Amino acid sequence: MKKIRILLVEDHTFVRESLKQYLEKEEDLEVIGEAADGEQMVALAKELRPDIIVADVAMPKLSGIEATKQIRALNISVPILILTAYDIDQYIVSLLDSGAAGYLLKDISGKELIDSIRRVTRGESVLHPVIMRKVIDRFVSKSKAQTYEPCQVLTEREIEILGLAAQGKSNKEIADKLYVSVRTVEAHLGHIFDKLGVNSRTEAVIVAFKKGWVGLD
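Rules used throughout
Residues numbered from 1 in each chain as written. Predicted model: local features only at pLDDT ≥ 70, side-chain atom pairs only at ≥ 80, totals over all residues. Heavy atoms only, no water. Pairing = 2+ DSSP bridges. Helix = DSSP H or I, 4+ residues; strand = E, 2+ residues; numbered from the N terminus. Contact = heavy atoms within 4.5 Å. Axes fitted to C-alpha atoms, helices over the stretch in contact; angles between N-to-C directions. Buried < 20%, exposed > 50% of the residue type's maximum accessible area, 1.4 Å probe, protein only. Polar contact = N/O pair within 3.5 Å; in protein donor to acceptor, adjacent residues only side chain to side chain. 1 Å grid on protein atoms, 1.4 Å probe; cavity = no way out; pocket = protein on both sides within 12 Å on 5 of 7 lines; lining within 4 Å. Points joined across faces, edges and corners; volume = space filled by probe spheres on them. Nonpolar A, V, L, I, M, F, W, Y, C, P; charged D, E, K, R; others polar. Parallel < 35°, antiparallel > 145°, perpendicular 65-115°, else oblique. Left-handed = near helix turned anticlockwise from the far one by under 90°.

Draft legend 1. View of the sheet that holds strand β1 (residues 4–9). Here we have 6 strands laid out as an open sheet, ordered β2-β1-β3-β4-β5-β6, and parallel in their pairing. A strand with exactly one partner marks an edge of an open sheet, and here the two such strands are β2 (29–35) and β6 (126–127). Relative to the sheet, helix α2 (residues 38–48) contacts β1, β2, β3 (52–55) and β4 (80–84), its axis offset from that of β2 by approximately 135°.

Encoded structure:
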């Protein structure tokens, strides 16, 4: 079994060690590196090239936001999953703009974290429900006064998939709902990303909300 190689970034030693022990109980997860600050996060991302980085936001020397920006500037394509206690709007927008693949709050269960790690390494984006609501409210409220035209860019099926993605459904859940294969959903999402010029489900959903192509239901 090919293991998911994780770089764990958390400045509180006890929390970091506890997370490592919990994650490594799973046969397919392996913590290959640990960092206590943002500078170490960037250095180890470059050295180890993990499959995923799980990182906090508020850290010494370099914040999770700045560390994420630096990693992206180095063209290191590793997905970054934020796990933090903070749901501050400024953090959320800055991290998503910087290219974070997901944003979770520390009130989630261990099972939800493990599931999110697996989903992100499969190319999906994950957002805590509180974070998703903030993202939606921010972008939808800005665009309420706009007049929308029917979407000429995406197909009806692509719009349908985006709507389900906006509800937080995984690729498998979308596939089950539409009676298609997961690979078909992944192919549709790839076409959506190309057409909209985005790199993640979150970015695609935000564009769809701003354009009025999908609603809140």
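Draft legend 2. Representation of the side chain of E158 within the structure. Within the element layout of this structure, E158 appears in helix α7 (residues 156–166). A residue is classified by how much of its surface remains accessible, and E158, at 3% relative accessible area, is buried. Side chain to side chain, E158 and K195 meet in a polar contact 3.0 Å long. Look past the residues within four positions of E158 in its chain and what remains in contact with it is H188, H191, I192 and K195.

Draft legend 3. Representation of α7 within the structure. The buried fraction of α7 amounts to 8 of the 11 residues, a majority that puts the element mostly inside the structure. Of the residues making up α7, those classed as buried are E158, I159, I161, L162, G163, L164, A165 and A166.

Draft legend 4. Molecular detail of empty space enclosed by the protein. Enumeration over the complete set of coordinates arrives at 1 cavity of 30 Å³ or more. Approximately 30 Å³ is the volume attributed to the largest cavity. What lines the largest cavity is simply V9, E10, L19, V54, A55, D56, L83 and K106. Residue classes in the lining of the largest cavity are distributed as 5 nonpolar, no polar and 3 charged.

Draft legend 5. Structural detail: the packing of α2 against helix α3 (residues 64–73). α3 packs onto α2 with a crossing angle of 20° between their chain directions and a minimal axis gap of 9 Å. By the angle between their directions, the pair α2 and α3 is classed as roughly parallel. In terms of crossing hand, the pair formed by α2 and α3 is right-handed. From α2, G38, M41, V42 and A45 reach across to α3, where they touch A67, T68, Q70 and I71. For the contact of α2 with α3, a count of residues per class yields 5 nonpolar, 3 polar and no charged.

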